[in-house]
Structures are given as C-alpha cells and as structure tokens.
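Chain and residue survey
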Amino acid sequence: MKYLPKSLFGRLLLLIISFMLVNFFLLRVLFVFLVVEPGGQQFAYIGETLATFVKEIEARGNNESRREFGEDLQQRTGAILLWNVDQQWDK
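Here we summarise the structure given alongside this text. Since this is a predicted model, take the numbers as computed values, not measurements.

Quick notes on helix α2 (residues 63–77)
With 15 residues, α2 extends 21 Å from end C-alpha to end C-alpha; this agrees with the ideal 21 Å at 1.5 Å per step. Among the structural elements, α1 (8–60) are those in contact with the buried residues of α2. In the segment just after α2, G78 is the residue with positive phi, at about 85°.

Structure, rendered in structure tokens:
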C-alpha cells in the first residue's frame, strides 16, 4: 500500500493501465489458441499429406508420369520436386 497512488487521478490511471495490460495478454492468448495453433495443425496435415502423395507417385510412376506430376504440382502449389539430388532449379 506504500507504493500505490493516493490521488484519484493516479488510481484511475493505474486502473486503466492494468485493464489494458490484462486485455492485451488475454487477446494474445486467445489469438494463439484460436488462430495460430489450428492453422499450424492444418499446415502440418497438408504437408504430411503432400509428402505421402509424392512418395506414392515416386514409388508407382514411370519417369514420364513423374515429370508431368512434378510440373503440375509446381504449377498448382509452387512446390518443386527434386528427383535427383544433383538436379538444379532456377529461383
């Protein structure tokens, strides 16, 4: 109680600042739980699905179908498949 302001203006200012800080942290926590985490989970699911799909195509397809699949995938998603480690791509 020694450090709290004694005037009405000081107490009101302290109340407003504490209310703003509580709102700030509450909104940050809600944003993380409602936006960031579900988005990250969806991105991970899509990435895993795409990786599984590429492995299946690589295992079953011939060279011509692989090339066509790689070009189609690059057009639709921007993902670039490197079938050889030595293969070079322009940025």
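Some details on the packing of α1 against α2
For any two helices packed against each other, the geometry comes down to the angle between their axes and how far apart the axes lie. Following both chains from N to C, one finds α1 and α2 inclined at 160°, their axes separated by 10 Å at the closest point. In terms of orientation, α1 and α2 fall into the roughly antiparallel class. Judged by the sense of rotation from one axis to the other, the crossing of α1 with α2 is right-handed. Contacts between α1 and α2 pair L50, F53, V54, I57 and E58 from the former with R66, F69 and L73 from the latter. Looking at the contact of α1 with α2 residue by residue, the classes come out as six nonpolar, no polar and two charged.

A word on a nonpolar patch on the surface
A cluster of nonpolar residues, L26, L27, V29, L30, F31, V32, F33, L34, V35 and V36, forms a patch on the protein surface that exposes about 950 Å² of accessible area. As for its position among the elements, V36 is in helix α1. Its relative accessible area of 43% is what places V36 among the partly exposed residues.

With respect to the packing of aromatic side chains
Following the criterion strictly, the structure yields one aromatic pair and no others. Ring geometry for F24 versus F25: centroids 5.4 Å apart, planes at 70°, classification edge-to-face. Judged by relative accessible area, which is 43%, F24 ranks as partly exposed. Exposure remark for F25: the relative accessible area of 52% places this residue in the exposed category.

Conventions used here
- Residues numbered from 1 in each chain as written.
- Predicted model: local features only at pLDDT ≥ 70, side-chain atom pairs only at ≥ 80, totals over all residues.
- Heavy atoms only, no water.
- Helix = DSSP H or I, 4+ residues; strand = E, 2+ residues; numbered from the N terminus.
- Expected span 1.5 Å × (residues − 1).
- Contact = heavy atoms within 4.5 Å.
- Axes fitted to C-alpha atoms, helices over the stretch in contact; angles between N-to-C directions.
- Parallel < 35°, antiparallel > 145°, perpendicular 65-115°, else oblique.
- Left-handed = near helix turned anticlockwise from the far one by under 90°.
- Nonpolar A, V, L, I, M, F, W, Y, C, P; charged D, E, K, R; others polar.
- Patch = residues over 30% accessible without salt bridge, like charges linked within 9 Å, V, L, I, M, F, W, Y side chains within 5 Å.
- Areas by Shrake-Rupley, 256 points an atom, 1.4 Å probe, with all protein chains shown as cover.
- Salt bridge = Lys/Arg side-chain N within 4 Å of Asp/Glu carboxyl O.
- Buried < 20%, exposed > 50% of the residue type's maximum accessible area, 1.4 Å probe, protein only.
- Phe/Tyr/Trp six-rings, centres within 6.5 Å; stacked < 30°, edge-to-face > 60°.

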